[in-house]
Amino acid sequence: MAHPPSSESASSDSTPPDFTSSALGPSAHQRQRVGLPPGAVVFTGHEKTAPVTLSVLNYAEDYVHEATDVSIDTALQQRDAPGPSWINIDGIHDVAIVQALGDHFGLHPLIQEAIVHTGQRPKLEVYDDHVYIVLKMLSLSSPGDLDSDDDPAAYAPQLQAEQVSLVVGANWLLCFHEDPGDVFDPVRERIRSRLGRVRKVGTDYLAYALVDVIIDHYFIVLEHLGNRIEALEDDVLAGAATGTQEKINAVRRDLVTMRRMTWPVREILSQMERLESDVWSEETRPFVRDAYDHAVQVLDLVESLRDVVGGLTDLYMTSLSNRMNEIMKVLTIIGTIFIPLTFVAGIYGMNFDYMPELRIWWMYPTMWAVMIATAGGLLLYFRRNDWI
Amino acid sequence: MAHPPSSESASSDSTPPDFTSSALGPSAHQRQRVGLPPGAVVFTGHEKTAPVTLSVLNYAEDYVHEATDVSIDTALQQRDAPGPSWINIDGIHDVAIVQALGDHFGLHPLIQEAIVHTGQRPKLEVYDDHVYIVLKMLSLSSPGDLDSDDDPAAYAPQLQAEQVSLVVGANWLLCFHEDPGDVFDPVRERIRSRLGRVRKVGTDYLAYALVDVIIDHYFIVLEHLGNRIEALEDDVLAGAATGTQEKINAVRRDLVTMRRMTWPVREILSQMERLESDVWSEETRPFVRDAYDHAVQVLDLVESLRDVVGGLTDLYMTSLSNRMNEIMKVLTIIGTIFIPLTFVAGIYGMNFDYMPELRIWWMYPTMWAVMIATAGGLLLYFRRNDWI
Amino acid sequence: MAHPPSSESASSDSTPPDFTSSALGPSAHQRQRVGLPPGAVVFTGHEKTAPVTLSVLNYAEDYVHEATDVSIDTALQQRDAPGPSWINIDGIHDVAIVQALGDHFGLHPLIQEAIVHTGQRPKLEVYDDHVYIVLKMLSLSSPGDLDSDDDPAAYAPQLQAEQVSLVVGANWLLCFHEDPGDVFDPVRERIRSRLGRVRKVGTDYLAYALVDVIIDHYFIVLEHLGNRIEALEDDVLAGAATGTQEKINAVRRDLVTMRRMTWPVREILSQMERLESDVWSEETRPFVRDAYDHAVQVLDLVESLRDVVGGLTDLYMTSLSNRMNEIMKVLTIIGTIFIPLTFVAGIYGMNFDYMPELRIWWMYPTMWAVMIATAGGLLLYFRRNDWI
Amino acid sequence: MAHPPSSESASSDSTPPDFTSSALGPSAHQRQRVGLPPGAVVFTGHEKTAPVTLSVLNYAEDYVHEATDVSIDTALQQRDAPGPSWINIDGIHDVAIVQALGDHFGLHPLIQEAIVHTGQRPKLEVYDDHVYIVLKMLSLSSPGDLDSDDDPAAYAPQLQAEQVSLVVGANWLLCFHEDPGDVFDPVRERIRSRLGRVRKVGTDYLAYALVDVIIDHYFIVLEHLGNRIEALEDDVLAGAATGTQEKINAVRRDLVTMRRMTWPVREILSQMERLESDVWSEETRPFVRDAYDHAVQVLDLVESLRDVVGGLTDLYMTSLSNRMNEIMKVLTIIGTIFIPLTFVAGIYGMNFDYMPELRIWWMYPTMWAVMIATAGGLLLYFRRNDWI
Amino acid sequence: MAHPPSSESASSDSTPPDFTSSALGPSAHQRQRVGLPPGAVVFTGHEKTAPVTLSVLNYAEDYVHEATDVSIDTALQQRDAPGPSWINIDGIHDVAIVQALGDHFGLHPLIQEAIVHTGQRPKLEVYDDHVYIVLKMLSLSSPGDLDSDDDPAAYAPQLQAEQVSLVVGANWLLCFHEDPGDVFDPVRERIRSRLGRVRKVGTDYLAYALVDVIIDHYFIVLEHLGNRIEALEDDVLAGAATGTQEKINAVRRDLVTMRRMTWPVREILSQMERLESDVWSEETRPFVRDAYDHAVQVLDLVESLRDVVGGLTDLYMTSLSNRMNEIMKVLTIIGTIFIPLTFVAGIYGMNFDYMPELRIWWMYPTMWAVMIATAGGLLLYFRRNDWI
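The rules behind the values
For every chain, the first residue of the written sequence is number 1, and numbering continues from 1 along that sequence. For naming, the first written chain is A and the first written ligand is 1, with later ones following in the order written. This being a predicted model, a pLDDT of at least 70 is required before a residue's local features are given, and a value of 80 or more before pairs of side-chain atoms are given or counted; all residues contribute to the totals for chains, interfaces and linings. Calculation of side-chain values draws on the structure's entire complement of heavy atoms; hydrogens and water are dropped beforehand. Only when DSSP finds a minimum of two bridges between them are two strands counted as paired. Helix and strand definitions follow DSSP, with helices as H or I runs of at least four residues and strands as E runs of at least two, each counted in order from the N terminus. To define axes, lines are fitted to C-alpha atoms, for helices over the stretch in contact only, and angles between the resulting N-to-C directions are given on a 0 to 180 degree scale. Here, two residues are considered to be in contact whenever any of their heavy atoms come within 4.5 Å of each other. As used in this record, nonpolar core signifies buried Ala, Val, Leu, Ile, Met, Phe, Trp, Tyr and Cys residues forming a set joined through side-chain atoms within 4.5 Å. Buried means the residue's accessible area, taken with a 1.4 Å probe over protein chains only, is under 20% of the maximum for its type, while exposed means over 50%, and partly exposed covers the values in between. Here the copies are superposed with least squares, the fitted atoms being C-alpha atoms of residues at a pLDDT of at least 70 in both. The term buried area means the drop in 1.4 Å probe accessible area that two parts suffer when joined, counted for both and summed. What counts as a salt bridge is simple: a side-chain nitrogen of Lys or Arg found within 4 Å of a carboxyl oxygen of Asp or Glu. Polar contact is the term for a pair of N or O atoms within 3.5 Å; when the atoms are in protein, one must be able to donate a hydrogen and the other to accept it, and sequence-neighboring residues count only if both atoms are side-chain atoms. Residues are sorted three ways: Asp, Glu, Lys and Arg are charged, Ala, Val, Leu, Ile, Met, Phe, Trp, Tyr, Cys and Pro are nonpolar, and all the rest, Gly among them, are polar.

A. Region of interest: the sheet that holds strand β2 (residues 63-70) of chain E. All names here are of chain E. If you trace the 7 strands from one edge of the open sheet to the other, you get β2-β1-β3-β7-β6-β5-β4, paired in mixed fashion. The two strands at the open ends of the sheet, each matched to only one other strand, are β2 and β4 (123-126). Shown here is a sheet whose adjacent strand axes are inclined to one another by a mean of 15°, direction ignored. Relative to strand β3 (residues 85-90), strand β1 (residues 53-60) runs antiparallel, the two sharing 6 bridges. Paired with V56 across the strands is I87, a residue of β3. Packed onto the sheet, helix α5 (residues 109-116) meets β5 (131-140), β6 (159-168) and β7 (172-177) and runs at close to 160° relative to β6. Its contacts with the sheet put helix α9 (residues 244-273) on β4, β5 and β6, and the angle it makes with β5 is roughly 145°.

So, in structure tokens, the structure goes:
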């Protein structure tokens, strides 16, 4: 199999993955790939300057070895480590590293291509001695401020999707992600502190634990979207501002993207539960089934939120119609009262020589009385009809 | 398997489960769980001060032993009771009790986690010597006033969802729910009074009876939603007030939530009917099939109500458009009649030296006649066109 | 099995089944059942004073015995009649009769419950020596006037749904329905006059014939709904009155109900075709397949009508917008012509000492000419733009 | 099996099949059947006076015998003809002929009923020695003018649906249709001129060829509908006239009907491809698969057109809103400019004794200047805001 | 099998395939086919004058022979070439060439018909010694300008769909397309430069590579559609111009067409992966699975874009309503302020003899003060209500 020379390297800017535009099409990822031979390991994400860092977490029931920012050789040696080794690669834009690891751990060229190609659909593939899982890790742009939900619609942290590739071998697990920083700290903490069963079992359980954390983060994103929808509903009810429908559409689009990214997860976990592989032990199955239930719940919630957003558009449309009715009522009330009266005033402003009323002294006060009575009657009529 | 120390205990406020916000996202439940090891028995519902109470109902064809507010030891002893024992646990916020029971009755850690984790999707899981069923019990916030349906839209009792976990063993049944008070009194009454077949058969039939009562309550909730929809339709037809679409959306959201909570019930009952387990006898099957039919009916009704709510939004939108047309008609009629007349009055109010009409004595009454004829003609025209 | 004492009996009012409200929820039927033990034979329909009447039609190829208003004992004796016996029970509110028949003919308690419980979903259940079928018989409230379709929208006969339970034994068929009067007269007539094959074959063919007649009546109801939709379309096009959307929603709701009641029929007939039972002969199958095709056609038509009703709402909304445009055009034309002219008249009504135009004798006629030309030009302009 | 006396015969009027109303319900067809025994051969279509004509086309690889307007006896003799015989029956309102043929060729009574019952759903049924296929032949009301597609929306040829029943025996094929005239001339021509393989193979291939021609005509109807939709889109964009939504709904309804009539065709062809029957040879299969692909394409196109029609309604609604905005802009511009100016003119038309401005000679020209400046400023403002 | 004389030849105009109208119906393609015998090789696309050109690319691991614009005989000789031969036929309007190739390479007449019949639905068919694949190649009308995406909505390159037929034999691959120019240059380049594995493996891998390139181009088209949608969203937000909904509908229609053309691709690749054929090697399977994943991604994106377009229509409708509200507000503010003031001015313009106010010197300035205060108060009130 031919591997093209990996001339791909770091360039100048380090823009974050653009979640929104990725909702509107395949963006630049797919286009750069057009015409390349399959199995060509070419990075298609945003170019980055940050160096790729590797970290290793080797553990067994009775020890933990943790090393961050290790060299590639250290990582390669983990293949023969005694206990399970979790090799974390922060950054996939240095294709040489991906290839070095891939060749050493025996990954199929198509896997190597998929790892650096950030536009993958979530999927699980079983190979002879390893399992390849690709997922989307969703997070909010400023995760530190998660608890300040005071005004989510105004604040609007951006959704961020990052591709996570897990390759699960017999006693090693490669975890590739695009950017430094991930959501796996709780798992690390559990390994360090011997919390839960993770220290006692193999890489399959570790893989499950990582997938489970990713799914748990979907709930956080859903909560955030739910808050945004509620804030939008308040906006609409408080008096629909102009940008509301735009915000509603942004939420809807986020939900469309979220659905596209989470829908295959159910299938992945269903495959994972039925997996027949050497690297997959029987006792991990109930946990995978549990994660499967969570994934189904995520989909249920996404669908429910989509329904609710649909109702929000209706709410906004009827609120606009209601406002229009209010505006027109004001004009109509004013018009209906004053247009006839102005006409009467116009009549007696005419300059006909023969207008006997003008000569009668009580006509003027009478006219006032009639006018006031008419206006009052109309106001009463409008109140009766609930116009005022 | 590692059980973390259950430091979880009762805190200060005792807010009711927030049904509405749960429709808009996973709320706080899922977030608290993020990063915890699976099988960690941590209560994620609303914190409560009320103590957890246990009650036991042990019966056979010829006797009934009923005890409320028993100690945990009494509950544990029920494992070896001769007849079927129904152990009811009101409150799941004291994790120690759940763990004590769980360990004694041999529940898998994932079941223990699921019991205290109130954001479960309804499901049924079969283990070696017990079956685990989780369901949502729906009720209205003030169940005592159910019969006063005089104005359901104004009154609007809140929907309440409570998670019920049933663990069905050979001759014991654990029933966990979040709050004191449940919908199972009719079953208790039947056991006490030997009504129906419940006294003659095992825990499988008891489990069926409890599920059946829960499904029966779905019909009550559906009836309530149906009443709210009818009241809303009356509101819309009586003259659409501003808050109507908001109320329509609230009903729609309740239906979305209800659907999310009842949809898996069909699958549960289908599994239950086909269940191959020691704790499940053959003669309970026709009853489960009956309950299955009820669950399908619930789903049919939920879908029908969703359709009807969709029509309600259309009705509201067209009623708003109709109102707008009415308002505009009034303004247009007034304008069309008086604007031209005012123009004529304006003409003869001009101060040109040479305006011969002003000097003719019959011009003024003629002008009145023409004006009245014009107005009358326009009114006639409007009536012909069904504007008035 | 425990049968509660059937204290249920006739009370005062005899309201017809409320089809519309049944579309909006489970109404009173399900609520009364809550908490009752399964198999409890308690009538849940509307209470009635009319006595339950039984009639018997016993026939074979060479004889027909027909007896109406027979005693319960006569009915029970039919179990051992030589030829097929069709026992018709008009009214299910006397639970004692249902129980007597049920126990004598060996019906499962759940069937007995289902027969008197009028909120069943249509279904077919196979027991050892009999088949239980429950269907909804749809009819229009005043069936005698079916042919006077002159103005279906104004007349609007109400849809009526009645539950029909068929229990098909080896040579007996029990047919329970809620009210006297049914749609089975054509079948009776065929039996009496030896028309068709019904006299030569068994109760399975009779059951098929009854189901077929019920399905045929669905077509009548669909025709009626189709007529109502056409009349509504004419209403909308003739000038949308205020109640139109309400009527559209009523039709939609009837279709929702109809769909809910006819959707399971397809499944029933599919089961019936594949039925393996002693009471079901091979040569009835092609007829059942024929009825199956009819049921599918009913569903096709229901879906088509739903689509058409959706289009009707669009038509109504655009017709309202069109009307609004018409109204606004009138106001705008009047305003655009007369407001500027009134302004000019106002100008020359001012009392400035120095207004030289007022002194020129040809100014007044000139002004008239300019005004008429302006108005004419605007009218021309409006006609050019298709406003008039 | 009992055949009722076929007293059905030709009556006075010969209205064409009413396609539109058939879209809105089962029309008269189903109602007339209610209560008839199954297998009753009663014509339910529109009554016709034209006599039923039979024609025969008997052929083999080396000869063709063609006879039109033959007697029924000639037709019956075809059963024993050496080569394949295509017996065409134009008109199914003479039930005696259908029965004579049916009995002679051994058709099941249900087939005989289905042939004369014009409201069938398309289906395929396999009997021992023949296959029964029922399809809807769609054509446009004036097929001669198909090429004059200059203004399809204005011209609007009506869709016509005609039921075609094919009964395929070992070496005979009965083809029943409602009216004289069909779409099969190309097949006849191919038989006469030995074009294609039709002369070399059996009745199964002939049946396929007929079905294929019917499907090909669906494309013509779809093209016509596509043209109507395009013309409607032009109408909407040119300025939405009042009848547009009505026409949109008519197209939508035609598509609903078309979908109802073509949806089962896919299933029929799928059955046909898998058919295990003596009358069906192996080598016809690839051709049937080809026809299946065409049928799927028809359904794809119907669904696509339905989507496009949905977009058309949106286009119409927004175009109405746009027009409304245009109308309101005109009124608002006129009002905003002249109402304030008229007010100023009104001020100086007042008759207060003490109004010093009236005495100043340059006030009048100044006022004009101010007024013109105000109006110009407003016009400029409106142009800036893209109102003009 | 009968092949009609292929009298079809090049005519005068060379219009590009009309993508848009093909979305609205089967256009001319299907109609020309009506009545032709199946297997009749008649070109149904747009007539063309350009001659059909053939090119051959014969290669093995160690050599490449490339020849463009070869004679038909050269192409026919490729059947016995040693290594895989890729025969490219640019133009299918010369039916004689298609038939010559088809007969020589042993293609079934139905394949020959399908190749020249440009209205095929994408499909894959397996024959004894070859596999037939038909796909739609989508491209933008001016592919050279792909990178100038500055204003996609204004520029709007037209979508172009071209039918590509691949016939994959043991060591030959026929590739028919309608027009000169294709998207396969990257594959050619890889063959020439020994890039990737294409040179080492057989025609099955080549077929995969071509299908993969076609799918990759779907992503380019999707990116373009995504850009158009974003540009449209900007248009709507910048102030909805009149043609916007038209453009939205154009995008929607392109998506409908795209969906129709890409939906079957998933099924094709699924078949391809499971293919049991001599011409299909085991080691191509993982690559086909990879292409399958891409095809699923295309469908996901199409569905997502459809959702987003739906939201765009909502956005446009609410933006129109917002604009209407803005317009009405201006009119209402002007009217509400000036109509009452004009009335007052009219009052004191009356000519009654007895109007004591007119005689008081401070009335005029007072009136001004009152008027200014009223107008100011109203403005304040409007500002309070967020109208200004």
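B. Broad picture of the nonpolar core. In terms of nonpolar packing, the biggest core is built from 125 residues, with A:Y348, B:Y348, C:Y348, D:Y348 and E:Y348 touching the most fellow members. Not counting chain neighbours up to four residues away, the residues in contact with A:Y348 comprise A:M355, A:E357, A:L358, A:M363, A:M367, B:Y364, B:W368, E:M350, E:N351 and E:F352.

C. Representation of the relation of the copies chain C and chain B within the structure. For the pair chain C and chain B, the superposition axis carries a translation of 0.0 Å, the fit reaches an RMSD of 0.1 Å, and the rotation angle comes to 72°. Both chain copies can therefore be described as sitting about a five-fold axis. Identified as the residue of chain C closest to the rotation axis by C-alpha distance is C:G349, at 4.5 Å. Of all interface residues in chain C, a mere 14% are interface residues in chain B too; the two copies therefore contact each other through different surfaces.

D. Molecular detail of the interface of chain A and chain E. The interface of chain A with chain E comprises 65 residues on the first partner and 70 residues on the second. Taken over both partners, the interface formed by chain A and chain E buries close to 6,100 Å², and the fraction arising from carbon and sulfur atoms is 64%. The interface formed by chain A and chain E holds 8 salt bridges in total. Put simply, A:R306 and E:D307 hold a salt bridge, and the shortest N to O gap is 2.8 Å. On inspection of chain A and its partner chain E, the count reaches 17 residue pairs in polar contact (both at pLDDT 80 or more). Elements represented by at least two residues in the side of chain A that touches chain E include exactly α1 (19-23), α2 (27-33), α5 (109-116), β4 (123-126), α9 (244-273), α10 (285-347) and α11 (363-384) of chain A. The biggest single contributor to the side of chain A that touches chain E is α10(A), with 17 residues. Here the side of chain A that touches chain E is built from residues that sort into 34 nonpolar, 16 polar and 15 charged.

E. Spotlight on the interface of chain C and chain B. Contacts between the two partners involve 66 residues from chain C, matched on the other side by 71 residues from chain B. Summing the contributions of chain C and of chain B, the shared interface buries around 6,100 Å²; its carbon and sulfur component is 64%. At the boundary of chain C and chain B, one finds 8 salt bridges. As a salt-bridge pair, C:K123 and B:D293 come within 2.8 Å of each other at their nearest N and O atoms. Taken together, the links from chain C to chain B amount to 16 residue pairs in polar contact (both at pLDDT 80 or more). Residue assignment for the side of chain C that touches chain B shows that the elements contributing at least two residues are α1 (19-23), α2 (27-33), α5 (109-116), β4 (123-126), α9 (244-273), α10 (285-347) and α11 (363-384) of chain C. Here the side of chain C that touches chain B gets 17 residues from one element, more than from any other, and that element is α10(C).

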